[in-house]
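# Fold and contact review
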Amino acid sequence: MAVKDEIEARLSAAFAPERLEVVNESNRHAGHSGDDGSGESHFKILIRAAAFQPMNRVARHRAVHQALGDLNTRVHAIALDIG
């Protein structure tokens, strides 16, 4: 399964988001530090879910990283836009 698909599956299961966009930006970082040549090293995530309403910004980020689990170590960079 592609990393993008894993991210979408894990976040959908954890938060039932109203909106979820996962963009693979690895091509923009080719040759840079952290680029492992896999084409799956850098991602941008936009997620909107009611589950985040009672959380502050730090708690939201922690919740997303917890839901991603081992992907946090398999992916070099994850940019988050959470609401």
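Preceding block: the structure.
None of these values were measured; they are calculated from a predicted model.

With respect to the element layout, Glu25 can be found in the loop between strand E1 (19-24) and strand E2 (42-48). The exposure class of Glu25 is buried, given its relative accessible area of 14%. If we skip the residues at most four places from it in the chain, Glu25 touches His42, Phe43 and Lys44.

Ranked by internal contacts, the top residues of the largest apolar core, which has 17 residues, are Ile7, Leu11, Phe15, Ile45 and Val64. Contributions of two or more residues to this core are made by helix H1 (3-15), E2, helix H2 (57-68) and strand E3 (77-82). With four residues, the top contributor of residues to this core is H1. Non-local contacts of Ile7, meaning those with residues more than four positions away in its chain, are made with Val22, Phe43, Ile45, Leu68 and Leu71.

This part is about the pairing of E2. Here is the key point about a regular strand: its side chains alternate between the two faces of the sheet. Counting buried positions along E2 gives five out of seven residues, so the element sits mostly inside the fold. Bridge count between E1 and E2: six bridges; the pairing is antiparallel. Each bridged residue has a counterpart across the sheet, and for Arg19 the counterpart in E2 is Arg48. Relative to E3, E2 is paired through six bridges, and the arrangement is parallel. From the neighbouring strand, His42 faces E3, where its bridge partner is Ala77.

Turning our eyes to something else, we now look at the pattern of salt bridges. A complete count under the given rule lists eight salt bridges for this structure. Across the salt bridge formed by Glu8 and Lys4, the nearest N and O atoms sit 2.9 Å from each other. One end of the pair is Glu8 and the other is Lys4, both in helix H1 and four residues apart, which spans about a single turn. On the basis of relative accessible area, Glu8 is assigned to the partly exposed category, the value being 23%.

Parameters at a glance
- Within any chain, residue numbers begin from 1 and follow the written order of that chain's sequence.
- Local features in a predicted model are, by the rule used here, given only for residues with pLDDT of at least 70; side-chain atom pairs are given and counted only at 80 or more, and totals for whole chains, interfaces and linings are based on all residues.
- To obtain the side-chain values, all non-hydrogen atoms of the structure were included, while hydrogens and water were left out.
- Secondary structure elements follow DSSP: runs of H or I of four or more residues count as helices, runs of E of two or more count as strands, with numbering from the N terminus.
- Note on classification: 1.4 Å probe, protein chains only; a residue is buried when its accessible area is under 20% of the maximum for its type, exposed when over 50%, partly exposed between these limits.
- Here, two residues are considered to be in contact whenever any of their heavy atoms come within 4.5 Å of each other.
- Residues belong to one nonpolar core when they are buried, are Ala, Val, Leu, Ile, Met, Phe, Trp, Tyr or Cys, and are joined through side-chain atoms within 4.5 Å.
- One requirement defines pairing of two strands: DSSP has to find at least two bridges between them.
- When a carboxyl oxygen of Asp or Glu is within 4 Å of a side-chain nitrogen of Lys or Arg, the pair counts as a salt bridge.

Honestly, it's all geometry; don't read function into it.
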